[in-house]
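Reading the structure
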Amino acid sequence: MTYRGRFAPSPTGHLHFGSLVAAVGSWLCARHAGGQWLLRVEDIDPPREVSGSAASILTALPAFGLVADAPALFQSQRIQAYDAAFEQLRAANLIFPCWCSRSDLAGANGIHRDGHCIAPPHPVYPPAWRLRTPDIEITFDDTLQGSQ
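The shown structure was predicted, so the numbers you read here are calculated from the model rather than taken from an experiment. (Residues numbered from 1 in each chain as written. Predicted model: local features only at pLDDT ≥ 70, side-chain atom pairs only at ≥ 80, totals over all residues. Heavy atoms only, no water.)

Let's talk about the sheet that holds strand S1 (residues 4–7)
Here we have three strands laid out as an open sheet, ordered S1-S2-S3, and parallel in their pairing. Each of the sheet's edge strands pairs with one partner strand only, and the pair in question is S1 and strand S3 (73–74). Note: strand S2 (residues 36–41) against S3, two bridges, orientation parallel. By the bridge assignment for S3, Arg 40 is matched with Leu 73. The strands touched by helix H1 (residues 17–32) are S1 and S2; relative to S2, the strand with the most contacts, the crossing angle is about 145°. (Pairing = 2+ DSSP bridges. Helix = DSSP H or I, 4+ residues; strand = E, 2+ residues; numbered from the N terminus. Contact = heavy atoms within 4.5 Å. Axes fitted to C-alpha atoms, helices over the stretch in contact; angles between N-to-C directions.)

Rendered as structure tokens:
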């Protein structure tokens, strides 16, 4: 599998320094791994979006030498792809509906066991959908933080 790094700015204003640092970090990791660096514009919160800011951000990045390896994707244009992926997960029984609050989960050390919600279905609120995972400890080595 080829490494893919990405930067996903929200179009809520011009590119600011903190976002530029995040973009440089992800770009450097992708280049170090010999992988791709991709852009995904998080444009799914219209009330917070500032007109013209997506274009401003996408213009600023190459000015700092950060050139993506593919055209930028806009989340608002990919809803059908996300819905199709969700349906694949549901059809394969890899996700489950959940109405748990943080306090509901506190007694279970903050996790679900066996892919089941511990709270009853709520009559008004829609569920969150959670990924079924095996009840095992998962470890990995992070290049910067070490064993996790």
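A few points about the packing of aromatic side chains
Using the criterion set out here, one finds one aromatic pair in the structure. Across from the ring centre of Trp 129, 5.0 Å away, lies the NZ or CZ of Arg 90, which sits over that ring. (Phe/Tyr/Trp six-rings, centres within 6.5 Å; stacked < 30°, edge-to-face > 60°. Lys NZ or Arg CZ within 6 Å of the ring centre and 35° of its normal.)

Description of the pattern of salt bridges
Tallied over the full model, the rule gives four salt bridges. The salt bridge partner of Arg 31 is Asp 69, with a shortest N-O separation of 3.0 Å. In this pair, Arg 31 sits in helix H1 while Asp 69 sits in the loop between helix H2 (53–63) and S3, placing the two residues 38 residues apart along the sequence. Salt-bridge contacts for Arg 90 lead to Glu 87; the nearest nitrogen and oxygen are separated by 3.0 Å. In this pair, Arg 90 and Glu 87 both sit in helix H3 (residues 79–91), three residues apart, roughly one turn of the helix. On the basis of relative accessible area, Arg 90 is assigned to the partly exposed category, the value being 38%. Assessed through its relative accessible area of 41%, Glu 87 is described here as partly exposed. (Salt bridge = Lys/Arg side-chain N within 4 Å of Asp/Glu carboxyl O. Buried < 20%, exposed > 50% of the residue type's maximum accessible area, 1.4 Å probe, protein only.)

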